[in-house]
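# Topology and contacts: notes
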Amino acid sequence: MSKTDIGSMTLLELQAFAADMGLPKYRAAQLFSWLQEKGVRSFSDMQNLPKVLRETLAETCFLPACTIDTKLCSALDGTTKYLLEFGPGEYVECVVMRYKYGLSICISTQLGCKMGCSFCASAIGGFKRQLTASEMLAEIHTAQKDLGERIAHVVLMGTGEPLDNYENVLRFLHLATDEHGLGLSMRHISLSTCGVVPRIYDLAKERLGLTLSVSLHAPNDAIRSALMPVNRTWGVEELLRACRAYTQQTSRRISFEYTMIDGVNDSDACAMELADKLHGMLCHVNLIPVNSVRETQYKKSRAQRLRRFSELLEQRGLTVTVRRTLGEDIDASCGQLRAKKLDAQKPQTSPENGRLQRG
């Protein structure tokens, strides 16, 4: 018999769940507090519940077994990166960044990624499964408990494509912003997508008030399709139509992420084409020096090229920022730590005798 994912339930769902068990309504509120506000990982920790109820819950329900496999702390800027394990071989990453306004966490939404962007390590090792809402919440609770500090800003930009796990992500958003749980502000949450166009329209209808970031990375189909396979399904023009519709329906500005890769997408011509494509849209462009990933040969754009690209966009009326690189000394970019862990666990061929060995 499969167990119930009680940590992904809303308060109303917990009330119905408690009623089915013949429990008074206030037990649902107690459960919700333990699960969403305190983020407990064991039913035995729910001390204000009767022992027999805790035992029953342990037999019929489950909580994500989120443990810290690896923790890296940057000596440069205080960024902390976690490799978390949900089960044997099930690793996800999250990164906590320190800003003047407080702590921000970048969480994963999938075990692996289907999208296969050529400059990103997230798809290395392939896609395994979707993360549940309770598992996404567990990433935040685990980091908060380890650091002993509250995290008030969340970015869904780690391993995986959030809009490819739409229902679970939507449930996570509602739970994370519940005033009786983590109590996060929707305006302090950013969701990054590589461009799953139908779901952008769906998200617009929700009118959630979050910040939508779109990984664009190129001004045209020729370059973007080479970098991002998703563009072969939904091209640049189709993606930008969805983005315009999103801004019109929500009155929320979109952030376009643009990874700057030397000699690939950082020319003057690319800058001017990008400015033409985004003209008149409620948006800003976030330029990101590409991360060094050992499986690719991509290099960061030179500093003068980055400045020139930014200036060309600004001259054409766009708001531009250049992302500050954080955690560079601890492989803080998406997928790098998980990829190393999975690689270390692969059978290795011994150069001496040709036998397979475990890394």
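Residues numbered from 1 in each chain as written. Predicted model: local features only at pLDDT ≥ 70, side-chain atom pairs only at ≥ 80, totals over all residues. Heavy atoms only, no water.

Attention now goes to helix α10 (residues 303-315). Its 13 residues give α10 an end-to-end C-alpha distance of 18 Å, which sits within 8% of 18 Å, the value for a rise of 1.5 Å per residue. Listing the buried residues of α10 in full gives Arg305, Leu306, Phe309, Ser310, Leu312 and Leu313. Down the axis of α10, the sector holding all buried residues measures 160°, keeping them to one side. Among the exposed residues of α10, those pointing more than 90 degrees away from its buried face are Arg307 and Gln315. Its buried side turned inward, α10 meets β12 (254-260), α9 (268-278), β13 (283-289) and β14 (320-322). One or two residues past the end of α10 sits glycine 317, with phi positive at roughly 90°. (Helix = DSSP H or I, 4+ residues; strand = E, 2+ residues; numbered from the N terminus. Expected span 1.5 Å × (residues − 1). Buried < 20%, exposed > 50% of the residue type's maximum accessible area, 1.4 Å probe, protein only. Arc of directions from axis to C-beta. Contact = heavy atoms within 4.5 Å.)

Per the UniProt record, "binding site: [4Fe-4S] cluster" (unreviewed entry) is annotated on Cys113, Cys117 and Cys120. Here cysteine 113 is to be found in the loop between β7 (110-111) and β8 (129-130). Residues contacting cysteine 113, with those up to four places away along its chain left out, are Ser122, Ala123, Gly126, Phe127, Gly160 and Glu161. Here cysteine 120 lies in the loop between β7 and β8. Here cysteine 120 falls in the partly exposed class, since its relative accessible area comes to 27%. (UniProt positions renumbered as here; feature names shortened; annotations may be inferred.)

In the UniProt entry, the feature "active site" (unreviewed entry) is given for Glu93 and Cys334. Among the secondary structure elements, glutamate 93 is positioned in strand β5 (residues 90-99). A distance of 3.0 Å separates the side chain of glutamate 93 from the side chain of lysine 81, its partner in a polar contact. (Polar contact = N/O pair within 3.5 Å; in protein donor to acceptor, adjacent residues only side chain to side chain.)

Across the 5 residues that make up strand β10 (residues 189-193), a large majority, 5, are buried. Judged from the 3 bridges that link them, strand β9 (residues 153-156) and β10 form a sheet pairing that is parallel. Counted as the bridge partner of valine 154 is isoleucine 189 from β10. Handedness of the crossover joining β9 and β10 through helix α5 (residues 166-176): right-handed. Pairing of β10 with strand β11 (residues 211-215) involves 4 bridges; the strand directions are parallel. Residue pairing for β11: serine 192 is matched across the bridge by serine 213. Chirality of the crossover, the property in question, places the unit of β10, helix α6 (residues 197-206) and β11 among those that are right-handed. (Pairing = 2+ DSSP bridges. Right-handed = clockwise from strand over helix to strand, strands pointing away.)

This part covers the pattern of salt bridges. Using the criterion set out here, one finds 12 salt bridges in the structure. A salt bridge links aspartate 164 to lysine 114; the nearest nitrogen and oxygen atoms lie 3.2 Å apart. With aspartate 164 in the loop between β9 and α5 and lysine 114 in the loop between β7 and β8, the pair connects residues that are 50 residues apart, well separated along the chain. Among the charged side chains, a network of salt bridges with common partners joins Glu90, Arg129 and Glu135. (Salt bridge = Lys/Arg side-chain N within 4 Å of Asp/Glu carboxyl O.)

Look at α5 against α6: their axes get within 12 Å of each other, and the N-to-C directions meet at 25°. Compared by their axis directions, α5 and α6 come out roughly parallel. When you trace α5 past α6, the crossing you get is right-handed. Touching Tyr166, Glu167 and Leu170 of α5 are Arg199, Asp202, Leu203 and Glu206, all from α6. Class assignment for the residues of the contact of α5 with α6 results in 3 nonpolar, no polar and 4 charged. (Axes fitted to C-alpha atoms, helices over the stretch in contact; angles between N-to-C directions. Parallel < 35°, antiparallel > 145°, perpendicular 65-115°, else oblique. Left-handed = near helix turned anticlockwise from the far one by under 90°. Nonpolar A, V, L, I, M, F, W, Y, C, P; charged D, E, K, R; others polar.)

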